[in-house]
Amino acid sequence: MRDLKEYDYPALLLNFSSLNKAQRRWRIAYAAIYSVRAMLSLVKEIVPARIAPKSSDDASLSYTALESGDGTQINSMPLSYVPDIDQEQLVKIMKGKDLPGIQALGGVEGIAASLRTNASKGIHGNEQEVNRRRDLFGSNTYHKPPPKGLFFFVYEAFKDTTILILLACATLSLGFGIKEHGLKEGWYEGGSIFVAVFLVIVVSALSNFRQERQFDKLSKISNNIKVEVLRDSRRQHISIFDVVVGDVAFLKIGDQIPADGLFLDGHSLQVDESSMTGESDHLEVDHKDNPFLFSGTKIVDGFAKMLVVSVGMSTTWGQTMSSINQDSSERTPLQVRLDTLTSTIGKLGLTVAALVLVVLLVRYFTGNTKKDGKIEYNGSKTPVNTVVSSVVRIVAAAVTIVVVAIPEGLPLAVTLTLAYSMKRMMSDQAMVRKLSACETMGSATVICTDKTGTLTLNEMKVTKFWLGQESIHEDSTKMISPDVLDLLYQGTGLNTTGSVCVSDSDSGPTPEFSGSPTEKALLSWTVLNLGMDMETVKQKYHVLRVETFNSAKKRSGVLVRRKSDNTVHVHWKGAAEMVLAMCSQYYTITGSVDSMDSTAKNRIQAIIQGMAASSLRCIAFAHKVSSNDSGGLEEDGLTLMGIVGLKDPCRPGVSKAVETCILAGVTIKMITGDNVFTAKAIAFECGILDHNDKDEEEAVVEGVQFRNYTDEERMQKVEKIRVMARSSPSDKLLMVKCLRLKGHVVAVTGDGTNDAPALKEADIGLSMGIQGTEVAKESSDIVILDDNFTSVATVLKWGRCVYNNIQKFIQFQLTVNVAALVINFIAAVSAGEVPLTAVQLLWVNLIMDTLGALALATERPTNELLKRKPVGRTAALITNVMWRNLLVQSLYQIAVLLVLQFKGMSIFNVRKEVKDTLIFNTFVLCQVFNEFNAREMEKKNVFKGLHRNRLFIGIIAITIVLQVIMVEFLKKFADTVRLNGWQWGTCIAIASLSWPIGFFTKFIPVSETPFLSYFKNPRSLFKGSRSPSLEKP
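As the structure is a computational prediction, the values presented were derived from the model and not from experiment.

Thoughts on the overall build of the protein
Tallying secondary structure elements over the protein gives 38 helices and 30 strands in all. Each of the 1033 residues in the protein was classed as buried or not, and the buried ones make up 53%. Taking the intrachain contacts of the protein between residues at least 6 apart in sequence as the baseline, contacts between residues at least 24 apart amount to 71%.

Digging into the pattern of salt bridges
A full pass over the atoms with the stated rule returns 28 salt bridges. Salt-bridge contacts for E635 lead to R555; the nearest nitrogen and oxygen are separated by 2.9 Å. Of this pair, E635 sits in the loop between β21 (616-626) and β22 (638-647) while R555 sits in strand β17 (residues 555-562); the two residues are 80 residues apart in sequence, bridging distant segments of the chain. The exposure class assigned to R555 is buried, which follows from its relative accessible area of 14%. E864 is the partner of K867 in a salt bridge, and the nearest nitrogen-oxygen pair spans 3.7 Å. Overlapping salt bridges bring together K451, R617 and D674 as one network.

Here we look at the packing of aromatic side chains
Scanning the entire structure with this criterion turns up 14 aromatic pairs. For the ring pair F465 and W525, a centre distance of 4.9 Å and an interplane angle of 65° mean the geometry is edge-to-face. In this pair, F465 sits in strand β12 (residues 461-467) while W525 sits in helix α18 (residues 517-528), placing the two residues 60 residues apart along the sequence. Exposure class is identical for F465 and W525. Each is buried. Here F999 and F1000 contribute two aromatic rings whose centre-to-centre distance is 5.3 Å and whose plane-to-plane angle is 90°, an arrangement assigned as edge-to-face. We classify F999 as partly exposed; its relative accessible area is 34%. Taken together, the ring pairs connect F929, F932, F943, F952 and W995 into an aromatic cluster.

Some points on the pairing of strand β2 (residues 234-239)
As paired elements, strand β1 (residues 226-231) and β2 share six bridges and run antiparallel to each other. From the neighbouring strand, V229 faces β2, where its bridge partner is Q236. Following β1, the chain reverses through two residues before pairing antiparallel with β2; D232 in that reversal takes a positive phi of roughly 55°.

Thoughts on the pairing of strand β19 (residues 583-587)
Pairing of β19 with β22 involves three bridges; the strand directions are parallel. Bridge assignment links C583 to a residue of β22, and that residue is L638. Pairing between β19 and strand β20 (residues 593-595): three bridges, direction antiparallel. Note on β20: the bridge partner recorded for Q585 is S595. Here β19 folds back onto β20, and the loop between the two strands holds five residues, one of which, G591, carries a positive phi near 100°.

Comments concerning the nonpolar core
I193, F920 and F923 are the most contacted members of the largest nonpolar core, which has 82 residues in total. With 13 residues, helix α31 (residues 838-856) is the single largest residue contributor to this core. The next biggest cluster of nonpolar side chains, apart from the first, holds 68 residues, and it includes L418, V432, M670 and A679.

Digging into a positive patch on the surface
On the surface, R210, K423, R424 and R860 cluster together to form a positively charged patch. Inspection of the secondary structure puts R210 in helix α10 (residues 188-223).

Remarks on the UniProt feature "transmembrane region" (unreviewed entry) in the protein
Feature annotation in UniProt places "transmembrane region" (unreviewed entry) on residues 161-178, 190-209, 345-365, 394-420, 814-832, 838-858, 951-970 and 982-1004, given in this structure's numbering. The distance separating the terminal C-alpha atoms of residues 838-858 is 30 Å; by composition the span is 90% helix and 0% strand.

Observations concerning helix α37 (residues 994-1001)
Turning to α37, its buried residues number three or more, namely S994, G998 and T1001. Relative to the axis of α37, the buried residues are bounded by an arc of 60° and lie together on one face. Those residues of α37 that are buried are in contact with α32 (880-908), α33 (912-933) and α36 (981-992).

Quick notes on a nonpolar patch on the surface
Together, I958, V961, L962, I965, F969 and L970 make up an exposed nonpolar region whose accessible area comes to about 500 Å². Relative to the assigned elements, I965 resides in helix α34 (residues 950-968).

Describing the sheet that holds strand β25 (residues 723-725)
Judged by pairing direction, the sheet is mixed, and its eight strands sit side by side in the order β10-β28-β27-β26-β11-β23-β25-β24 without closing on themselves. What marks the edges here is a single partner per strand, and that holds for β10 (430-432) and β24 (700-702). Along the sheet, successive strands turn relative to each other by an average axial angle of 20°, direction set aside. Relative to strand β27 (residues 764-768), strand β26 (residues 746-750) is paired through four bridges, and the arrangement is parallel. Paired with T749 across the strands is L766, a residue of β27. Along the sheet, helix α23 (residues 676-686) contacts β23 (667-671), β24 and β25; its crossing angle with β25, the most-contacted strand, is approximately 150°. Of the strands in this sheet, β11 (446-449), β23, β25 and β26 are in contact with helix α27 (residues 729-741), which crosses β26 at around 170°.

Comments concerning the packing of α33 against α34
Running from amino to carboxyl end, α33 crosses α34 at an angle of 180°, the nearest separation of the two axes being 11 Å. In terms of axis orientation, α33 runs roughly antiparallel to α34. Here T917, F920, N921, V924, V928, E931 and F932 of α33 lie close against α34, whose contacting residues are F952, I955, I956, T959, I960, Q963, M966 and V967. Here the residues of the contact of α33 with α34 are counted per class, giving ten nonpolar, four polar and one charged.

Here we look at the environment of D695
By secondary structure assignment, the location of D695 is in the loop between α23 and α24 (696-699). Given a relative accessible area of 29%, D695 falls into the partly exposed group. Separated by 26 residues in sequence, D695 and I721 have C-alpha atoms that sit 9.5 Å apart.

Observations regarding the environment of Q963
By the element assignment, Q963 lies in helix α34. Separated by 116 residues in the primary sequence, Q963 and I847 place their C-alpha atoms 9.4 Å from one another. Apart from the residues lying within four places of it in its own chain, the contact partners of Q963 are W843, F920, N921 and V924.

Quick notes on the side chain of K624
Relative to the helices and strands, K624 resides in strand β21. If near-sequence neighbours (up to four positions away) are discounted, K624 is found in contact with V568, H569, V570, E634, D636, G637 and L638.

Some points on the environment of K601
Tracing the backbone shows K601 in helix α21 (residues 598-613). Taking C-alpha positions, K601 is 9.3 Å from C583, a pair spaced 18 residues apart along the chain. In this structure K601 touches L580, A581, C583 and M596, once residues within four positions along its chain are discounted.

Section: the confidence of the model for the protein
Taken over all residues, the pLDDT of the protein has a mean of 80, while the share at 70 or more is 82%. Across residues 1-7, confidence stays below pLDDT 50; counting only partners more than four residues off in sequence or on other chains, it has twelve contacts. Confidence over residues 1018-1033 falls short of pLDDT 50; this stretch has 35 contacts with residues more than four positions distant or in other chains.

Conventions and cut-offs
- Residues numbered from 1 in each chain as written.
- Predicted model: local features only at pLDDT ≥ 70, side-chain atom pairs only at ≥ 80, totals over all residues.
- Heavy atoms only, no water.
- Helix = DSSP H or I, 4+ residues; strand = E, 2+ residues; numbered from the N terminus.
- Buried < 20%, exposed > 50% of the residue type's maximum accessible area, 1.4 Å probe, protein only.
- Contact = heavy atoms within 4.5 Å.
- Salt bridge = Lys/Arg side-chain N within 4 Å of Asp/Glu carboxyl O.
- Phe/Tyr/Trp six-rings, centres within 6.5 Å; stacked < 30°, edge-to-face > 60°.
- Pairing = 2+ DSSP bridges.
- Core = buried A, V, L, I, M, F, W, Y, C linked by side-chain atoms within 4.5 Å.
- Patch = residues over 30% accessible without salt bridge, like charges linked within 9 Å, V, L, I, M, F, W, Y side chains within 5 Å.
- Areas by Shrake-Rupley, 256 points an atom, 1.4 Å probe, with all protein chains shown as cover.
- Lys, Arg positive; Asp, Glu negative; His and termini not counted.
- Charge placed at Lys NZ, Arg CZ, Asp CG, Glu CD.
- UniProt positions renumbered as here; feature names shortened; annotations may be inferred.
- Arc of directions from axis to C-beta.
- Axes fitted to C-alpha atoms, helices over the stretch in contact; angles between N-to-C directions.
- Parallel < 35°, antiparallel > 145°, perpendicular 65-115°, else oblique.
- Nonpolar A, V, L, I, M, F, W, Y, C, P; charged D, E, K, R; others polar.
- pLDDT = per-residue confidence, 0-100.

Structure representation (structure tokens):
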């Protein structure tokens, strides 16, 4: 805030004629503040110092702090406070980028003062203050269209053609039944179909509704970005939803701007506004010509402090986002493949149903069907009502076959397993942004990973310091020349995006460091070991220009002017060998400057290599006195000030995770910006490289070497490379492209803005939740919340689990479909009737599709999944192992039920109604027992780990209880009769034979050639077979 003394106060009061309404308000407010300050200054002179009032946060809420010159107090917002600035006018100025409007309000500093914000200390962070600002200016949230309700999905379910046909059949059946048998007896058949269809609709609607809510929750989590703000003089991370007007927010490369605001302070700030304007050119933002920063846009270069002036629905981004509904109808590649499978099976079912319909109608109208011992159709003697009722019953039976044939459970199983795995992966530190990543990750053959923060802890600490050719130990820092020490203070204190905040504690003033782990380590070392006072350093120099660090340059620079003598200084900091290449001299411990001849340069390079071989990250500092204060930073003829080695230990469990991935057939490639010696040391420590490797030379390359290969050389060598050092984001992108061309399914980790192209190019992009920029996160498919490679291995396991669970359910579902279709078709053609009625088939469809999907789709991943090879990009969804299992079980069920259909009455000496109930009960129980077989496609022990899956046990129990109710108590509804204990025992015994049959089936070897390809290429029938133990999953 400007000093009030520099204004002509009477002139400000009297010169109102040329001002608009907002400016008059500002002048009145200004006059009030001036008056209060004048009175307070009088009080200071009169009241003795000894009765100074106690300060407290509560007191500050009813007191306006006006000390702005030295920033000793933070302005607070009293509960009675009315803003000096018209919020609507401010929003209008932001939208129109009205620079004169900003100036009319006193500039950015004037707006900050009016919002009671101290630019150097922020706002008060107490809850009362934040809530007051939220009440006055609104919250940083958007009004989203309401999510789709349950009734919407019920309505969608009614649109299904087969459901509409069944409802029409049910209506006709109900009408004719009541007319023929009266209301008391006639409603059973039609009413039963109504109830069954209603259950199918409700279950389908509930599952889709649940999926919608799951997406809504994930959307809220993925939008909950962490923002760094200044409150109570401390930099702190808060949720984007907690940002309020008046906050001072820090912005750096890759950040998404959290709200509309104005540029307060910073350097070289460039913004990508393409998300709002569609323009690809980056816009430069500064204090003078363009201070406007808009919510939702991205920082592509530089850093800054921003004053938040509009939040939530007051921002352009908020109004845009409020009109956009989250699309949860994303189709994953596996879902698309399943849609094709469902369509194929549906067409087959339709064909069978049409044949059954024709056969039954022909048999009926030719007098070949009987009811209660009498011929059903007797020409013109048969009443029309009876004919129509019989035809409706036949059509309903045919349509029901279609309903059973179409495996609605497949998309439901995919939805359930994806939703379940996404929820579980959240607790395993992985947030899925794109559904397809869940399944694709299971097919990954290569993982390209970063080093820092992913394989290592990203907890940097300076452990080595070399000044020239001398190693400086912690106890000998006092021997360093004061001139060199002052230069080191400049190099770390001015050339940094971090900060130091000194807070009072019981043990005295304690410095707190913020910024990236590297910046914090360097600042901590300079303050605690070398005795730097950062505020003093900043006061002595004026920053002219800043070159921010990025992955391509691997260095950052600053141009400063010393206030005492107006000399201009250039400071560079970055990767040791790159900074060394810019130097022609070096400082010694005494402060003298020696020439950097070839001998000295070789010795210093050896020092760097030695530190790197000890897993240290090497950072060098260089300096030069410059005569140019307006152009770019000079990059040659510098003097080397020193080299520090930062230790970043490997994460616990990383070597085990790497070993697990390698055993799973997944190659790990480490791509890092560190030099080759550090990279190799970490790679050996993590297990990516092995000391016994003979091809170590080919396994480790530098980025420049890789990009200079010819296309042929690159394609030839890319699979052997396991470490790429000194790489740029473009090198990472190049490697991903090469690996994909070789047929690999590639997963890539990335955290920087420049990693976005590689993350998008990869089959699975994995961004880092802690160190990752918002640009990287938006380009990724999965966010690793703890930045840990162990979590990447967990995601791999979950990906394989998703694919495996869906295959289990396909095997189980197709067994039901094949058996039901064949039984009804053979019975209809040979006997003129279907043993399983429409209601019974709908019941089987309901419990097998829904409950079966829920049971098999929620199996948790096991370590056994990581002992298999990755599933290929074009591998068959239904493997030969699955065909073997489902065909054997289907043939057994068909054989048993056909025997019961044609010989059941004589074998059990029962009437027809009991025989039909036995068929229905046996068929359902066969599916219950086969559900256990489906848990393991290749392993013979299907009960392993069963006790840990309580959901599976619960669903089996519910299915059995519901089946007992259907048979014993809902006789009219299900068209069944009660069974005695012996008959129940027989049904269970027949169904339980599924277990030993499944056990011995797994001894049958299967061919390597996909089953369906035999029909395309008959010669493949003569190829050999192999043991199932070698079969890919």
